[in-house]
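Now for the letters of each chain:
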Amino acid sequence: MDFKDQLTQLSDKIAKQKDSIATEEATKTSFIMPMIAALGYDVFNPFEVIPEMDCDLTRRGDKIDYAIMRDNTPILLIECKHCKQNLDLHSTQLAKYYAASNARFGVLTNGIEYRFYADLEKQNIMDEKPFLVVNMLDLSDTDIEQLKKFHKSYYNEQEILSTAQELQITIQVKELLNRNFQSPGDEFVRYFVKYTGDGKSSAKQIEQYRPIVKKSIVSVINDIIADRLNVAIKNENSTDKQPEDGNVCKNDQTAYPDAEKLLDGVVFQDKEKGIITTQEEIDAYNIVRSILRQYVDVKRIQYNDYKSYFTVNLDGSTWWWICRLYLGKRKKQFCIPKDNYASNEWIEIESIDDILKYADRIKEGFDLAITSADRNK
């Protein structure tokens, strides 16, 4: 089982068990120890993992929950809390332990959220802000790649440190933008007041500009969304137009998503039906079209989106489908019809690019669709 599969399984386990975990010790046993094991370390080998390691600067017997070791030196400290604990209340405790060790990285976790800290500003003094935050209930491929850097087989201290500062700044910038996009602050608004005026700003002008700035931000984001809608169905040669019957309007998804949904890759949204079409689904659809263009006029390859899956079909038919796609954050797979639609087969993939590896299976689905459609004319 590869690293991604291990994390995916752990994520599913956490989602199912989190409400039944009553203590911090249960959190460690059920969620955190399996994470350490997934990172390639033997939790029962004291040369790799030391539980309750002394981190005592004050003679109070302070101990860190786990210390990951390499060459008899701690490289990663892990401070654990109960899975229902708010981690905002505990970063100072980890900072104290951090200062008592030579580790360059520290983790504060409740088994669901993992906050990774380094000492980028001053060595051996833990930074106030984490450089990486991973939520196991909302695990992305990017999160997995960042966690993989801490795996025993890939660990490289200097490589992690070289990217940690950029990741830390990215987190802070995203927080700043999200906060000001939702409710523009005085300093944020002041920039626009000065830029569009005579270089001066007053409290009255800031209050006058604030709603205008917020409205302008939403307008810009919606313009970006509109641009993406215009190219969503573009094929690899940028020559085909979107099929008239193949757009998302077949499912009444004519409404734009909320502006902030753009950040999550949403291109269409039907709030009433709970249907969300993502850019990743559109990209996968275009990959299928590129595979089949040599066999049929690609205008006949269309799609319908539903709440639980996305389907690529022939001529917009709900009956003659070619493949179905499920592209979750933790698991991606596609389905091919078999036995004249009496059964089907799901194939798990790492990314939508892997669909190209199964071009022959996509062709099988297409052959069944077109044969069935011709037979029922």
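These notes cover the structure that comes with them. No experiment lies behind these values; they were computed from the predicted model shown. (Residues numbered from 1 in each chain as written. Predicted model: local features only at pLDDT ≥ 70, side-chain atom pairs only at ≥ 80, totals over all residues. Heavy atoms only, no water.)

Within the protein chain one finds 9 helices and 13 strands. When burial is assessed residue by residue, the protein chain has 44% of its 377 residues classed as buried. Here the analysis covers contacts within the protein chain between residues at least 6 apart in sequence; of these, 51% occur between residues at least 24 apart. Accessible surface for the protein chain amounts to roughly 20,300 Å². Of this, 48% is attributable to carbon and sulfur atoms. (Helix = DSSP H or I, 4+ residues; strand = E, 2+ residues; numbered from the N terminus. Buried < 20%, exposed > 50% of the residue type's maximum accessible area, 1.4 Å probe, protein only. Contact = heavy atoms within 4.5 Å. Areas by Shrake-Rupley, 256 points an atom, 1.4 Å probe, with all protein chains shown as cover.)

This next bit is on the pairing of strand β5 (residues 113–117). Burial within β5 is extensive, with 4 of its 5 residues counted as buried. Direction of pairing for strand β4 (residues 105–109) relative to β5: antiparallel, over a ladder of 4 bridges. Opposite G106, over in β5, you have Y117 as the bridge partner. If you look at the hairpin formed by β4 and β5, you'll find 3 residues sitting between the two strands, and G111 has a positive phi there, around 85°. Inspection of the sheet shows β5 paired to strand β6 (residues 132–135) by 4 bridges, in the antiparallel sense. Its bridge partner lying in β6, Y114 is registered against V134. (Pairing = 2+ DSSP bridges.)

Under the defined criterion, the tally for this structure stands at 16 aromatic pairs. Judged by centre distance (5.6 Å) and plane angle (65°), the rings of F334 and Y358 are edge-to-face. In this pair, F334 sits in strand β12 (residues 332–338) while Y358 sits in the loop between β13 (343–349) and α9 (359–375), placing the two residues 24 residues apart along the sequence. Put simply, the rings of F105, F116, F131, F150 and Y155 touch in pairs and so form one group of aromatic residues. We note R324 situated over the ring of W321; from NZ or CZ to the ring centre the distance is 4.0 Å. When the ring centre of Y295 is taken as reference, the NZ or CZ atom of K363 above it lies at 4.6 Å. (Phe/Tyr/Trp six-rings, centres within 6.5 Å; stacked < 30°, edge-to-face > 60°. Lys NZ or Arg CZ within 6 Å of the ring centre and 35° of its normal.)

Within the open sheet, the 6 strands sit side by side as β1-β2-β3-β4-β5-β6. Their pairing is mixed. Both edges of this open sheet fall to β1 (49–54) and β6, since each of them pairs with a single strand only. Adjacent strand axes in the sheet meet at a mean angle of 25° when their direction is disregarded. (Axes fitted to C-alpha atoms, helices over the stretch in contact; angles between N-to-C directions.)

Attention shifts here to the packing of helix α8 (residues 279–292) against α9. Where α8 contacts α9, the two axes come as close as 10 Å, and the packing angle between them is 80°. It follows that α8 is roughly perpendicular to α9 by the angle criterion. Residues V288, I291 and L292 of α8 pack against A359, I362, K363 and F366 of α9. Across the contact of α8 with α9, the residue classes tally to 6 nonpolar, no polar and 1 charged. (Parallel < 35°, antiparallel > 145°, perpendicular 65-115°, else oblique. Nonpolar A, V, L, I, M, F, W, Y, C, P; charged D, E, K, R; others polar.)

All right, on to helix α5 (residues 157–182) then. Over its 26 residues, α5 runs 37 Å from end to end, which matches the ideal 38 Å to within 8%, given 1.5 Å per residue. In α5, a bend of some 30° at A164 exceeds every other bend along the element. One side-chain oxygen at the N-terminal end of α5 lies 3.2 Å from the backbone nitrogen of Q158; it belongs to N156. (Expected span 1.5 Å × (residues − 1). Bend = angle between axes of the 7 residues up to and from the residue. Polar contact = N/O pair within 3.5 Å; in protein donor to acceptor, adjacent residues only side chain to side chain.)

All right, on to the nonpolar core then. In terms of nonpolar packing, the biggest core is built from 40 residues, with L7, I36, I78, F105, F131, M136 and F150 touching the most fellow members. Among the elements that make up this core, the one with the highest residue count is helix α2 (residues 24–38) (5 residues). The next biggest cluster of nonpolar side chains, apart from the first, holds 28 residues, and it includes I322, I347, I355 and I362. (Core = buried A, V, L, I, M, F, W, Y, C linked by side-chain atoms within 4.5 Å.)

On to the packing of helix α1 (residues 3–17) against α2. The geometry of α1 relative to α2 is characterised by a closest axis approach of 10 Å and an angle of 180° between their N-to-C directions. By the angle class used here, α1 and α2 are roughly antiparallel. Residues F3, Q6, L7, L10, K13, I14 and Q17 of α1 pack against S30, F31, P34, M35 and A38 of α2.

Taken together, the 5 strands give an open sheet; going across it, the order is β9-β10-β11-β12-β13, and neighbouring strands pair in antiparallel fashion. In this open sheet, the two strands that pair with only one neighbour each are β9 (301–305) and β13. Across the sheet, the mean angle separating the axes of adjacent strands is 25° when strand polarity is ignored.

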